[in-house]
Amino acid sequence: VPRTIDDLSWPTRTERLSLRPAEPADADDTWRYRRLPPVYEWSTTAATDQDEYRARFVLPERLAKQLVIELDGRIIGDLMLAVEDPYSQFEMRAQAVGVQAELGWSLDPDYQGKGYGTEAVEELIRICFAELGLRRVIANCFSVHEPSWQLMERVGMRREQHAVREALHRSGAWLDEYGYALLMDEWAARQHG
Ligand SMILES: CC(C)(COP(=O)(O)OP(=O)(O)OC[C@H]1O[C@@H](n2cnc3c(N)ncnc32)[C@H](O)[C@@H]1OP(=O)(O)O)[C@@H](O)C(=O)NCCC(=O)NCCS
């Protein structure tokens, strides 16, 4: 039986940070930075109303893929870990269920520029491969959001896709998207390097 986030023991710690699944009570502490335009500029949803934000945050399907990043007990960011099924041919579907995850991240601007994002995402990737046994992780971002793809490159992900004017930004502009990925065996090889 594949392991899920709920089967792991939390929190998990890195040198400076601690990660754990998000709880409904974290809605207001994440709203503090999620409501800031530079944080939601590239995110799927713009957090502009606290009640709406809270209502969306506590949805079980949303909480199920959300982790928070804590520094000395303070929430400084959050992560998404959304397990998904990669494409497979029909006969192989059972073997492709839940073997991949899409990752995401947001950091409080007060805590950007210090490597906390890199440290948290490295741990997120370790959880995906070493704890959950996934075979591939992916992440997407607008090509203009350089801090996000720089982070992906720092954690060893590979740019595999450059989709031209694929994605519609809330400004009305169709923007280029980058798709990044890392395979479990590539990650494992790096651990011994
Ligand atoms: C994407 C995001 C998390 C990146 O934040 P970040 O602060 O650049 O990333 P890190 O925390 O890894 O910090 C790296 C920076 O700290 C510096 N740094 C300092 N100490 C460091 C350390 N010990 N390790 C690594 N980097 C360190 C790095 O040089 C880098 O700075 P630079 O970009 O000026 O070279 C942030 O921009 C964000 O939250 N954006 C808004 C939300 C969002 O759009 N999310 C993604 C949607 S696709």
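Refer to the structure presented above.
Definitions and cut-offs
- Residues numbered from 1 in each chain as written.
- Predicted model: local features only at pLDDT ≥ 70, side-chain atom pairs only at ≥ 80, totals over all residues.
- Heavy atoms only, no water.
- Helix = DSSP H or I, 4+ residues; strand = E, 2+ residues; numbered from the N terminus.
- Contact = heavy atoms within 4.5 Å.
- Buried < 20%, exposed > 50% of the residue type's maximum accessible area, 1.4 Å probe, protein only.
- Near = heavy atom within 4 Å.
- Polar contact = N/O pair within 3.5 Å; in protein donor to acceptor, adjacent residues only side chain to side chain.
- Areas by Shrake-Rupley, 256 points an atom, 1.4 Å probe, with all protein chains shown as cover.
- Phe/Tyr/Trp six-rings, centres within 6.5 Å; stacked < 30°, edge-to-face > 60°.
- Lys NZ or Arg CZ within 6 Å of the ring centre and 35° of its normal.

Participant: Explain the side chain of His169 to me, please; I cannot follow it from the model alone.
Facilitator: Along the chain, His169 turns up in the loop between strand E7 (158-168) and strand E8 (174-183). Apart from residues lying up to four places away in sequence, His169 is in contact with Glu41, Trp42, Phe142 and Leu175.

Participant: Where do I start with unusual backbone geometry in this structure?
Facilitator: What is expected of a backbone is that most residues other than glycine have negative phi and most peptide bonds are trans. In this model, Trp10 is joined to Pro11 through a cis peptide bond whose omega is 0°. Within the fold, Pro11 resides in the segment before strand E1 (12-13). A positive phi angle, close to 50°, is found at Asp72, a residue other than glycine. With respect to the secondary-structure elements, Asp72 resides in the loop between strand E3 (66-71) and strand E4 (74-84). Judged by relative accessible area, Asp72 falls into the exposed class, the value being 76%. Positive phi, normally seen in glycine, also occurs at Arg165, with a value near 45°. Structurally, Arg165 can be placed in strand E7.

Participant: What should I look at first to understand the site of the ligand in this one?
Facilitator: Neighbouring the ligand are 20 residues, the closest being Trp105, Leu107, Gly113, Gly117 and Thr118. Between a nitrogen atom of the ligand and a main-chain N or O atom of Trp105, the distance comes to 2.7 Å. Gly115 has a polar backbone atom sitting 3.0 Å from an oxygen atom of the ligand. In the complex, the protein chains occlude 66% of the 950 Å² of accessible area that the ligand would expose alone. Looking at the shell around the ligand, the elements that each hand over two or more residues are helix H2 (37-40), strand E5 (100-107), helix H6 (116-131), strand E6 (136-142) and helix H7 (146-154).

Participant: Can you help me understand the packing of aromatic side chains in this one?
Facilitator: Any pair of aromatic rings gets described here by the distance separating the centres and the angle formed by the planes. What the rule picks out here adds up to seven aromatic pairs. Taken together, a centroid distance of 6.4 Å and an interplanar angle of 50° make the contact between Tyr111 and Tyr116 tilted. We classify Tyr111 as buried; its relative accessible area is 18%. Measuring from centroid to centroid gives 5.5 Å for Phe129 and Trp187, while their planes differ by 45°, and the two rings are tilted. Note that Phe129 is positioned in helix H6 and Trp187 in helix H8 (residues 184-191), a separation of 58 residues in sequence. In this pair, the class of Phe129 matches that of Trp187, namely buried. Members of the aromatic cluster, each reached through a chain of ring pairs, are Trp31, Tyr53 and Phe57. Across the ring face of Trp149, the terminal group of Arg159 is positioned such that the distance to the ring centre comes to 4.8 Å.

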